[in-house]
Amino acid sequence: PVGEAVTLTVSLCTQGSAKYPYPPGPVECSVMLDLGDGVSLAVQLTGEVAVPWLAVSNPLLDFGAVPCGVCRELTLQLYNPKPVPCAWSVPRLDRKAVPTGLPKKDLARWQRTRAMERCFELETTSGCLQPQERLNLRVRFVPQDSTACTAALPFTLVGNAGHVDHPPPTVQLKGCGELALVDVPAQLHLGPVLPGHTTEREFTLRNQSGFAVELVAVQYDQQHAQEQIVLRGLAGFEDEQGRLILPLRQPGQPLPHEFFALGQGGAVAAADGTTAPLDLPSPVPEGGETLPAASRPGTAAARPTTSSAATKGGAAASSAVPAPATPEPQQQQKQQ
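Attention in this report is confined to the structure presented alongside it. (Residues numbered from 1 in each chain as written. Predicted model: local features only at pLDDT ≥ 70, side-chain atom pairs only at ≥ 80, totals over all residues. Heavy atoms only, no water.)

## Here's the deal with the side chain of Glu227
Then, in step 1: Relative to the elements of secondary structure, Glu227 occurs in helix α2 (residues 222-232).
Then, in step 2: Here Glu227 falls in the buried class, since its relative accessible area comes to 8%. (Helix = DSSP H or I, 4+ residues; strand = E, 2+ residues; numbered from the N terminus. Buried < 20%, exposed > 50% of the residue type's maximum accessible area, 1.4 Å probe, protein only.)

In structure tokens form, the structure reads like this:
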């Protein structure tokens, strides 16, 4: 009727198959509308098919050599260049289920791979980036021994099951742990001593490591004992694995004064942005945590010390949070 209107709905279906996905790009179609009495109206329909995709700043994160007890972080920047939102996820490397039905040889190989993957930790494992949005994802390497570790970090994108032209990215992770190697005599004979007299013997300690190491006699060092009491009293600053983030300390450097100034202390960061994870023993024995070697009587604690700022691939580690527009990884070291 004259003066009335009608609404027409136009749908664009881009459903394809796994073998023949719908090709991305512009879509055009001309539709003729018959108005009656020989009058036709041409309507041009246009659209664009965009496949979600994610660009990574670096396909390889090389942590280099990291002393055991120290962890290092690299920053991976994610960028969504497409005009559609991109929902992404990565698998948890530390929570993979044990496969069943594997032969012993394949199971042993899987366990070795699993042990290497557990040394890498991610700040988050999923998210959604809007068009032209960036995200800095921190990846941490915590070596447990001197084994060279490698792992693959495949990204899963919702709406992109492996497009030929825009496949989901995969980031390779690699790093190597270094043990603190110090030559210490297993036994020192002082010889016969008369009552009321004192005797002395000298022995040599040789550091065979590639980094400085601080040795602590836990039975006699009162400062170390006091620091352990303060650390045991901390609560509420642990991560999900029961570790406390502390600044990286140099040889002979005491615990930051902020811990003692606050009574029970708190997790603080160094001026250069570096922090350090330390295994936090539970103040309650029933908590299931075990005391570190430095807290058990009759042992000597060796604390590795390294530079708190390093350079990898031309990216300086002066800050834990990089500039959003710079897709170069940054790194920092932490002490455990």
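Here the narrative resumes, following the displayed structure.
## Considerations on the pairing of strand β9 (residues 134-141)
Then, in step 1: Sheet analysis places strand β5 (residues 70-79) next to β9, joined by eight bridges and oriented antiparallel. The residue of β9 that forms the bridge with Glu73 is Arg140.
Then, in step 2: Bridge count for strand β7 (residues 120-122) against β9 is three bridges, and the pairing is antiparallel. Opposite Phe120, over in β9, you have Phe141 as the bridge partner. (Pairing = 2+ DSSP bridges.)

## Notes on the sheet that holds strand β6 (residues 86-89)
Then, in step 1: If you walk across this open sheet you meet the three strands as β8-β6-β11, and the pairing is antiparallel. Each of the sheet's edge strands pairs with one partner strand only, and the pair in question is β8 (126-129) and β11 (156-157).

## Focus on α2
Then, in step 1: Along α2, the positions that sit buried rather than exposed are His224, Glu227, Gln228, Val230 and Leu231. Down the axis of α2, the smallest arc covering the buried residues is 160 degrees, so these residues share one side. Facing away from the buried side of α2 by more than 90 degrees, the exposed set consists of Gln222 and Ile229. (Arc of directions from axis to C-beta.)

## As for the sheet that holds strand β4 (residues 60-67)
Then, in step 1: Spatial ordering of the open sheet is given by β4-β12-β10, a layout of three strands whose pairing is mixed. What marks the edges here is a single partner per strand, and that holds for β4 and β10 (148-154). On average, each strand axis in the sheet is inclined to that of its neighbour by 15 degrees, with strand direction left out of account.
Then, in step 2: Two strands pair when backbone bridges link them, and β10 and strand β12 (residues 170-178) are joined in this way by seven bridges, in the antiparallel orientation. Its bridge partner being in β12, Leu153 is matched across the sheet by Val171. (Axes fitted to C-alpha atoms, helices over the stretch in contact; angles between N-to-C directions.)

## Some details on the nonpolar core
Then, in step 1: In this structure, Leu54, Leu61, Trp88, Phe120, Phe155 and Leu173 are the most contacted members of the largest nonpolar core, which totals 26 residues.
Then, in step 2: Mapped by element, the contributors of at least two residues to this core are β4, β5, β6, β9, β10 and β12.
Then, in step 3: Examining the composition of this core, we find that four residues originate from one element, β5, more than from any other.
Then, in step 4: When near neighbours in sequence (up to four residues on either side) are disregarded, Leu173 contacts Leu61, Leu93, Phe120, Val139, Cys149, Thr150, Ala151 and Leu153.
Then, in step 5: Ranked by size, the runner-up nonpolar core spans seven residues in total, among them Val230, Leu234, Leu244 and Phe259. (Core = buried A, V, L, I, M, F, W, Y, C linked by side-chain atoms within 4.5 Å. Contact = heavy atoms within 4.5 Å.)

Function-wise, these values are silent; they only describe arrangement.
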